[in-house]
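# Coordinates in review
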Amino acid sequence: QVIERFLGWLADEGNDGSPRPRAALAAALLVARHGVRIATLPLLTLAHVEAADDGWRLRPADVAASPDDGIALFDDVWTALCAHWNDRGVVWDRHLAHWRGDAALLAPPEFPDTGRGRAKRLRASAGYAASGLDRLLRASWSKATTKRSASTQPPTSTKTLSPRA
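Our subject in this report is the structure included herewith. (Residues numbered from 1 in each chain as written. Predicted model: local features only at pLDDT ≥ 70, side-chain atom pairs only at ≥ 80, totals over all residues. Heavy atoms only, no water.)

## Thoughts on the pairing of strand 1 (residues 49–52)
Bridge count for strand 1 against strand 2 (residues 55–58) is 4 bridges, and the pairing is antiparallel. Its bridge partner being in strand 2, A51 is matched across the sheet by W56. Counting the residues in the hairpin turn of strand 1 and strand 2 gives 2 residues. (Pairing = 2+ DSSP bridges. Helix = DSSP H or I, 4+ residues; strand = E, 2+ residues; numbered from the N terminus.)

## Here we look at the pairing of strand 2
Side-chain positions along a regular strand alternate between the two faces of the sheet. The pairing of strand 2 with strand 3 (residues 71–72) spans 2 bridges and is antiparallel. Residue pairing for strand 3: L58 is matched across the bridge by I71.

## A short note on the side chain of T45
With respect to the helices, strands and loops of the structure, T45 is situated in the loop between helix 2 (19–34) and strand 1. For T45, a relative accessible area of 15% corresponds to the buried category. (Buried < 20%, exposed > 50% of the residue type's maximum accessible area, 1.4 Å probe, protein only.)

## Looking at the packing of helix 1 (residues 2–11) against helix 2
Running from N to C, helix 1 and helix 2 cross one another at 155 degrees; their axes reach a closest spacing of 9 Å. In terms of orientation, helix 1 lies roughly antiparallel with respect to helix 2. In the crossing of helix 1 with helix 2, the sense of the turn from one axis to the other is left-handed. Touching I3, E4, F6, L7, L10 and A11 of helix 1 are P21, A24, L25, A28, L29, A32 and R33, all from helix 2. For the contact of helix 1 with helix 2, the residue count by class is 11 nonpolar, no polar and 2 charged. (Axes fitted to C-alpha atoms, helices over the stretch in contact; angles between N-to-C directions. Parallel < 35°, antiparallel > 145°, perpendicular 65-115°, else oblique. Left-handed = near helix turned anticlockwise from the far one by under 90°. Contact = heavy atoms within 4.5 Å. Nonpolar A, V, L, I, M, F, W, Y, C, P; charged D, E, K, R; others polar.)

## Regarding the packing of aromatic side chains
Under the counting rule described, the total for this entry stands at 3 aromatic pairs. Ring geometry for W78 versus W85: centroids 5.5 Å apart, planes at 80 degrees, classification edge-to-face. We note that W78, like W85, is buried. Each member of the aromatic cluster is reached from another via a ring pair, and the members are W56, W78 and W85. (Phe/Tyr/Trp six-rings, centres within 6.5 Å; stacked < 30°, edge-to-face > 60°.)

## Some remarks on helix 3 (residues 75–88)
Given 3.6 residues per helical turn, the α-helix brings residues three or four places apart onto the same face. Look at helix 3: 20 Å from first C-alpha to last across 14 residues, which is about the 20 Å you get at 1.5 Å a residue. On its buried face, helix 3 is in contact with helix 2, strand 1 and strand 2. Looking one or two residues past helix 3, G89 carries a phi angle of roughly 75 degrees, positive in sign. (Expected span 1.5 Å × (residues − 1).)

## Here's the deal with the layout of surface pockets
Estimates place the volume of the largest pocket at around 370 Å³. Surrounding the largest pocket, 18 residues form its lining, P108, P112, Y128, G132 and R135 being those nearest its centre. The set of elements that each furnish at least two residues to the lining of the largest pocket consists of helix 2, helix 4 (115–121) and helix 5 (130–150). Among the elements that make up the lining of the largest pocket, the one with the highest residue count is helix 5 (4 residues). In terms of residue class, the lining of the largest pocket is built from 8 nonpolar, 5 polar and 5 charged. (1 Å grid on protein atoms, 1.4 Å probe; cavity = no way out; pocket = protein on both sides within 12 Å on 5 of 7 lines; lining within 4 Å. Points joined across faces, edges and corners; volume = space filled by probe spheres on them.)

## Some details on the nonpolar core
For soluble globular proteins, the rule of thumb is that nonpolar side chains tend to be buried together. By size, the foremost hydrophobic cluster in this structure holds 35 residues, and its most contacted members are L30, L41, L58, L81, W85, L105 and L106. Secondary structure elements with two or more residues in this core: helix 1, helix 2, helix 3 and helix 5. Examining the composition of this core, we find that 8 residues originate from one element, helix 2, more than from any other. In this structure, L30 is in contact with G35, V36, L41, L58, L73, V77, L81, L105 and L106, ignoring residues within four places of it in sequence. (Core = buried A, V, L, I, M, F, W, Y, C linked by side-chain atoms within 4.5 Å.)

The following block contains the structure:
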C-alpha cells in the first residue's frame, strides 16, 4: 500500500512537469508492477518492447521468443514509458525509418556536461546506469516523504492504481 501511494504521488503531485518524475515513474512501475530488477533496467532497449495482440510485451534478452513469454505491460506502465520516451524525443514505432531499437528503454533526456555525460550523448543505447536509477528513485522517495511530512496526509493519487498480482 505504501508503494501504491508512492506511485500515485509520482503520477500526480510528484509530476512537476519536468522529465525526472516521469522517468522515475516509468522505472518504479516496471519494478513494482512487473518485478523487473533495477540492475536489469539499464540492459533494456526499445527492441525489447514488442506489440502483442493483448497490448505490449517486454521481452528481455534472456526470455525465449514464445508469444506467451515476456512481460505483458500494464496500461499504466505503457503510458509512463511513452511519456518518458516523449521527453527524450523517442518514438516506439518499428515502422519509422529513424526508429532506433538500440535506444535505451530508460535514459535521461539530457546527459550532464561531464566527460562521461558527453560520451553517453554519442551512443543511442546509453541510458541510466543502475546506480543512476537507484539515485533517481531514492531522490523521488525522499521528496515524496518530505512532502508527506509537511502535510497531514500521505501521498495519494486521483488515478486508480491497484495492486497487481
